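Listed below are the residues making up each chain.
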Amino acid sequence: MKVLITAGPTREALDPMRFISNRSSGKMGYALAEAAVKAGHETVLVSGPCALTQPEGLAKFISVVSAADMAEAVKAEFPAADTAIMCAAVADYRPKKFSASKIKKSDDTLVIELERTEDILASLGKMKRADQKLIGFAAETDDMEKNAIGKLQRKNLDWIAANRLDLPGQGAESNTNTVILFSVKGEQVTIPLASKREVAEEILKITGVNESCKGNLSI
Ligand code: CTP
């Protein structure tokens, strides 16, 4: 199976020195890519800037910086993929203007105008064929279930993996995670706290990406 995975943050440049980004370490997405390679899938990883080593055995590694770069790469790769898993923490806004010169300090306050970036996962949801599987993530601090199911439906996903950003042992920079998977068919499966590698393997099993391993599930 051909599996497309995104990982890491994006960076939205303000000037040649500065950017807006987020705390994503890329660990969950890289763990998913490693698990997909291990399961024998032809795996393409599109990664925003992070400090991790490229997993061995990938079919392709595409390094990107901004949300616009990631959108271009992912939309080019998606038609050839059987499954796409969007784990990247894509910036929702970017500075409206990029200043080619370094912004100098002047007043006591500085207002930066931001504009929306493309919702890449929603774009994939519109492009998705009946033979493709689309899996997203939802990182939440409040109303996790309601928000995750809203994103699942709005973005035309098959599954969404929801996790809390505000609890210890899970989320952006942690080495461990716990997620609840929701499917468009109404299934709900909790993956208890474990290393991101173990959680990645469970996500591939539960969502049917690793079809042969589906037997040992408790839903
Ligand atoms: N995502 C994306 N493009 C964006 C923003 C998010 O593809 N511009 C994807 C993420 O990769 C993730 C899913 O959408 O798989 C949900 O991301 P999240 O940040 O939790 O939610 P948002 O859709 O950005 O909604 P909100 O900021 O309102 O929580």
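Fair warning: this is a prediction, and the values are worked out from it, not measured in the lab.

Participant: Explain the pattern of salt bridges to me, and be specific about the residues and the numbers.
Facilitator: Tallied over the entire structure, the rule returns 15 salt bridges. For Glu201, the salt bridge identified is with Arg197, shortest N-O distance 3.4 Å. Of the two residues, Glu201 and Arg197 are both situated in helix H5 (residues 196–206); the distance of four residues between them amounts to about one turn of the helix. The exposure class assigned to Glu201 is partly exposed, which follows from its relative accessible area of 23%. The network of salt bridges with shared partners includes Glu34, Lys38, Arg197 and Glu201.

Participant: Break down the confidence of the model for the chain for me, citing the residues and quoting the values.
Facilitator: Looking at the chain as a whole, the pLDDT averages 94, with 96% of positions reaching at least 70. Predicted confidence for residues 214–219 stays below pLDDT 50, and this span has nine contacts to residues more than four positions away or in other chains.

Participant: Which residues make up the packing of helix H2 (residues 67–77) against helix H3 (residues 120–127), and what values go with them?
Facilitator: Where H2 contacts H3, the two axes come as close as 10 Å, and the packing angle between them is 20 degrees. As summarised for this structure, H2 and H3 are arranged roughly parallel, according to the angle between their axes. As H2 packs across H3, the resulting crossing turns out to be right-handed. Together, Ala67, Met70, Ala71, Val74 and Lys75 of H2 and Ile120, Ser123, Leu124 and Met127 of H3 make up the contact between the two elements. Of the residues contributing to the contact of H2 with H3, the split by class is seven nonpolar, one polar and one charged.

Participant: Can you lay out a nonpolar patch on the surface for me, pointing to particular residues and giving the numbers?
Facilitator: Taken together, Tyr93, Leu110, Ile112 and Leu114 make up a surface patch of nonpolar side chains, about 380 Å² in accessible area. Relative to the elements of secondary structure, Ile112 occurs in the loop between strand E7 (93–95) and strand E8 (114–116). With a relative accessible area of 38%, Ile112 lands in the partly exposed category.

About the criteria used
- Residues numbered from 1 in each chain as written.
- Predicted model: local features only at pLDDT ≥ 70, side-chain atom pairs only at ≥ 80, totals over all residues.
- Heavy atoms only, no water.
- Salt bridge = Lys/Arg side-chain N within 4 Å of Asp/Glu carboxyl O.
- Helix = DSSP H or I, 4+ residues; strand = E, 2+ residues; numbered from the N terminus.
- Buried < 20%, exposed > 50% of the residue type's maximum accessible area, 1.4 Å probe, protein only.
- pLDDT = per-residue confidence, 0-100.
- Contact = heavy atoms within 4.5 Å.
- Axes fitted to C-alpha atoms, helices over the stretch in contact; angles between N-to-C directions.
- Parallel < 35°, antiparallel > 145°, perpendicular 65-115°, else oblique.
- Left-handed = near helix turned anticlockwise from the far one by under 90°.
- Nonpolar A, V, L, I, M, F, W, Y, C, P; charged D, E, K, R; others polar.
- Patch = residues over 30% accessible without salt bridge, like charges linked within 9 Å, V, L, I, M, F, W, Y side chains within 5 Å.
- Areas by Shrake-Rupley, 256 points an atom, 1.4 Å probe, with all protein chains shown as cover.

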